[in-house]
Amino acid sequence: MKTWLFFFRINIAGFALIHFLSIQPDFNDLYSYHGYVYPDIMDNTTDTISLTLTGLQGMLHKVGYETLLWICRIAFPISLLMLILGLFTRASAIVSLFLQLLLIKSIHLYEYGVDGFTTFALFYCCIFPVGRVYSLDNRLLGKRDNIDDRPYLFLLKAHLSIAYFFSGFDKVIGVTWRNGEALWKVMHSHNYYSIFSLDFLAGTPFFVISCWATMILELAYGIFMNISVTRPYWLIGIVLLHLFIALFMGLFFFSALLIILNISAYYVPMLKPVQSDL
Amino acid sequence: MKKRLLYGWIGFHLLFILLINSASSYTSYHDFHHQKANSQVVKGITKLMGKKFFRYYGRYTGAETGYGFFGINVRSNGMLIGECDGKELTADFKSYETSLRFFSMTNALTDDFIKPGDTSQVKNIMSEYNKLVFKNIAVTMFQKNGCQDSTISVSYNLLSYPSLAAVRADTPARYQLIKLITATYSLR
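Quantities reported herein were computed from a predicted structural model and do not represent experimental measurements. (Residues numbered from 1 in each chain as written. Chains lettered and ligands numbered in written order. Predicted model: local features only at pLDDT ≥ 70, side-chain atom pairs only at ≥ 80, totals over all residues. Heavy atoms only, no water.)

A. Quick peek at the overall build of chain A. Along its length, chain A carries 15 helices and zero strands. The C-alpha atoms of chain A give a radius of gyration of 21 Å, which matches the 19 Å a tight globule of 278 residues would have. Projecting the C-alpha coordinates of chain A onto the three principal axes gives extents of approximately 65 × 50 × 30 Å. Going through the 278 residues of chain A one by one, you find that 58% of them count as buried. Pairs at least 24 residues apart make up 72% of the contacts formed inside chain A by residues separated by at least 6 positions. As presented, chain A carries roughly 11,500 Å² of accessible surface, and 70% of it is formed by carbon and sulfur atoms. (Helix = DSSP H or I, 4+ residues; strand = E, 2+ residues; numbered from the N terminus. Rg over C-alpha atoms; globule rule 2.2 N^0.38 Å. Buried < 20%, exposed > 50% of the residue type's maximum accessible area, 1.4 Å probe, protein only. Contact = heavy atoms within 4.5 Å. Areas by Shrake-Rupley, 256 points an atom, 1.4 Å probe, with all protein chains shown as cover.)

This is how it looks when you write it as structure tokens:
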């Protein structure tokens with residue numbers, strides 16, 4: 001049953017690592033003074049709730065901006081790798097969360113939906129006993145005590161249920177989601193990648209049905225994902241929804257993260273437990 | 001005792017997420033319909049969530065995230081196009097993920113070009129800030145493309161595509177770029 005904690009840890013950290021690596025070819029365009037929006041200009045509208053690279057550099061005085069950028073650029077993947085391995089798990093998760101927030105809030109104008117999900121998933125890596133299952137910490141410290149993972153699993157499930165409910169609720173109160181126009185508009189947004197055009201379906205009820213299917217899946221997520229009989233069907237529906245978002249809107253990372261969270265909460269915990277000495 | 005504390009915190013954490021999202025849904029609904037959001041309950045929640053402790057808590061736990069993605073209405077979007085020496089310039093990136101982030105940024109940045117009307121002081125300051133960012137993007141485009149001219153123009157172009165209803169009524173399904181705002185900067 002507790003395998004889900006291992007699945008959650010390696011997939012969230014692995015996801016954050018791949019996501020971070022994906023922007024490396026353009027890293028300077030996002031973060032440096034050669035980028036499209038200079039860090040100090042970007043910083044003007046950042047709140048002081050969490051640190052930014054410019055703010056941190058102001059505190060450290062002697063460290064130059066580019067040096068600090070390089071330190072964070074290297075430290076973040078290292079902390080994520082340690083989290084994957086389960087080495088100093090809690091400390092690695094805390095450092096990963098701090099650096100993720102530092103890096104994303106430093107380019108807050110470039111933030112989008114996936115970043116908030118990554119933050120809370122990394123926060124849960126700090127809180128959940130994710131280092132107690134298949135980790136180097138277990139090997140090195142020889143921890144064998146039983147953990148009660150039920151409160152953590154409940155929290156993850158409840159969080160996802162609230163998130164999906166509000167995602168569906170904000171859609172259903174908008175007329176364009178009820179008549180199919182919203183999906184049509186999303187699919188014709190600039191820069192969203194689609195494997196092929198679905199324009200040939202304009203004359204069919206496809207867009208209206210898809211919009212309603214999305215809203216029903218999201219609004220009733222909290223109910224049907226928590227009833228064992230309906231769970232497999234609802235989970236398939238949610239995974240298909242995210243695959244659609246990936247393939248027809250190009251939000252690959254967003255979709256991948258949501259699929260990971262759903263499988264962590266509603267699929268892996270249902271699998272038969274595996275005995276291991278790790 | 002430890003378990004009780006854990007469950008207590010879980011209850012608080014979920015309530016926090018619930019309140020943040022309820023207030024956010026209420027506000028975006030009223031914003032979208034240009035209605036005054038005057039619910040005292042929502043005002044109370046917003047005031048409470050604005051307190052420093054809750055702001056720090058929301059930030060470092062990720063609980064401040066709103067989940068109304070693409071909600072109420074899918075916002076319009078467009079492209080930033082520069083022009084220098086008669087050549088069209090765009091912000092090009094090596095990775096798809098970065099271009100997606102840039103796309104999100106230009107959409108957020110240019111919201112006030114699309115929805116003028118709010119003349120509050122905060123909005124005015126943000127508008128001035130957006131112009132500064134706009135200028136910064138223009139300068140970087142200029143430098144990256146080795147532009148030889150002394151001026152660069154950057155325009156925000158709203159991407160227009162016929163609605164589903166219009167396409168069903170035989171309107172040709174074609175993209176159109178509608179130039180909303182152009183700024184010209186002298187760089188030498």
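Still more to cover.
B. Inspection of the overall build of chain B at higher detail. What chain B contains, in helices and strands, is seven helices and four strands. Going from N to C terminus, chain B has its helices and strands arranged as α-α-α-β-β-α-α-α-β-α-β. In terms of its C-alpha atoms, chain B occupies a principal-axis envelope of roughly 70 × 45 × 35 Å. Sequence separation of at least 24 residues holds for 67% of the intrachain contacts in chain B that already meet a minimum separation of 6. By element, 56% of the accessible surface of chain B is carried by carbon and sulfur atoms, the whole surface being about 10,400 Å². Distance between charge centres in chain B, computed from 23 positive and 13 negative side chains, equals 14 Å. (Lys, Arg positive; Asp, Glu negative; His and termini not counted. Charge placed at Lys NZ, Arg CZ, Asp CG, Glu CD.)

C. Representation of the interface of chain B and chain A in the model. Listed per partner, the contact involves 72 residues of chain B and 85 residues of chain A. Taking both sides of the interface into account, the surface hidden between chain B and chain A amounts to around 6,800 Å²; carbon and sulfur atoms contribute 64%. Across the contact surface, chain B and chain A share six salt bridges. For Asp29 of chain A, the salt bridge is made with Lys144 of chain B, and the minimal N-O distance between the two is 2.5 Å. Along the contact surface separating chain B from chain A lie 36 residue pairs in polar contact (both at pLDDT 80 or more). Those elements giving two or more residues to the side of chain B that touches chain A turn out to be α1 (2–32), α3 (52–61), β1 (78–84), α4 (96–109), α6 (121–144) and α7 (164–168) of chain B. Per element, the largest residue contribution to the side of chain B that touches chain A is 14 residues, and it comes from α1 of chain B. Split by residue class, the side of chain B that touches chain A holds 37 nonpolar, 24 polar and eleven charged. (Buried area = accessible area lost by both parts, 1.4 Å probe. Salt bridge = Lys/Arg side-chain N within 4 Å of Asp/Glu carboxyl O. Polar contact = N/O pair within 3.5 Å; in protein donor to acceptor, adjacent residues only side chain to side chain. Nonpolar A, V, L, I, M, F, W, Y, C, P; charged D, E, K, R; others polar.)

D. View of the sheet that holds strand β4 (residues 176–186) of chain B. Residues and elements named next belong to chain B. Across the sheet, four strands lie side by side as β2-β1-β3-β4; this open sheet has antiparallel pairing. Edge strands, defined here as strands with exactly one partner in the open sheet, are β2 (87–89) and β4. Each strand axis lies, on average, 30° off the axis of its neighbour in the sheet, ignoring direction. Two strands pair when backbone bridges link them, and strand β3 (residues 151–160) and β4 are joined in this way by ten bridges, in the antiparallel orientation. The residue of β4 that forms the bridge with Leu158 is Ile178. With respect to the sheet, α4 is in contact with β1 and β3, its orientation differing from that of β1 by roughly 95°. (Pairing = 2+ DSSP bridges. Axes fitted to C-alpha atoms, helices over the stretch in contact; angles between N-to-C directions.)

E. Representation of the packing of aromatic side chains. Overall, the coordinates contain 45 aromatic pairs over all chains when judged by the stated rule. Where Tyr110 of chain A meets Phe102 of chain B, the ring centres are 6.4 Å apart and the plane angle is 35°; that geometry is what we call tilted. With one member in each of two chains, Tyr110 of chain A in the loop between α6 (89–105) and α7 (113–127) and Phe102 of chain B in helix α4 form a pair that bridges those chains. Across this residue pair, the class does not change: Tyr110 of chain A and Phe102 of chain B are buried. Plain terms: the ring middles of Phe254 of chain A and Phe69 of chain B are 5.3 Å apart, the flat faces sit at 80° to each other, and that makes the pair edge-to-face. With one member in each of two chains, Phe254 of chain A in helix α15 (residues 252–266) and Phe69 of chain B in the loop between α3 and β1 form a pair that bridges those chains. A single burial state applies to Phe254 of chain A and to Phe69 of chain B, both of which are buried. Of the aromatic side chains, those joined through ring pairs into one cluster are Trp4, Phe8, Phe117, Phe120, Phe123, Tyr124, Phe128, Tyr152 and Phe254 of chain A together with Trp9, Tyr67 and Phe69 of chain B. (Phe/Tyr/Trp six-rings, centres within 6.5 Å; stacked < 30°, edge-to-face > 60°.)

F. A look at the pattern of salt bridges. On inspection of all chains with the given rule, the structure shows ten salt bridges over all chains. A salt bridge links Arg150 of chain A to Asp148 of chain A, with the nearest nitrogen and oxygen atoms 2.9 Å apart. A relative accessible area of 54% means that Arg150 of chain A is categorised as exposed. With a closest N to O distance of 3.0 Å, Glu218 of chain A and Lys171 of chain A form a salt bridge. In this pair, Glu218 of chain A is assigned in helix α12 (residues 206–219) and Lys171 of chain A in helix α9 (residues 150–172), connecting sequence segments 47 residues apart. Among the charged side chains, a salt-bridge network with shared partners connects Asp47, Lys105 and Glu111 of chain A together with Arg55, Arg59 and Glu64 of chain B.

G. Geometry of a nonpolar patch on the surface. Residue and element names in this part refer to chain A. A contiguous nonpolar surface patch, about 870 Å² in accessible area, is contributed by Tyr193, Ile195, Phe196, Phe200, Ile236, Leu240, Leu243, Leu247 and Phe252. It is helix α14 (residues 231–249) that provides the largest number of residues to the nonpolar patch, a total of four residues. Take Ile195: it is sitting in the loop between α11 (181–187) and α12. Judged by relative accessible area, which is 41%, Ile195 ranks as partly exposed. (Patch = residues over 30% accessible without salt bridge, like charges linked within 9 Å, V, L, I, M, F, W, Y side chains within 5 Å.)

H. Representation of the state of the cysteines in the model. Enumeration according to the criterion identifies one disulfide over all chains in this entry. Between the sulfur atoms of Cys84 of chain B and its disulfide partner Cys147 of chain B the distance amounts to 1.3 Å. Of this pair, Cys84 of chain B sits in strand β1 while Cys147 of chain B sits in the loop between α6 and β3, and the two are 63 residues apart along the sequence. Cys147 of chain B shares its class with Cys84 of chain B; the two are buried. You can see Cys72 of chain A has no disulfide; the closest cysteine sulfur is in Cys126 of chain A, sitting 17 Å from it. Counting only cysteine sulfurs, Cys126 of chain A is the nearest neighbor of Cys125 of chain A, a cysteine outside any disulfide, at a range of 7.0 Å. (Disulfide = S-S within 2.5 Å.)

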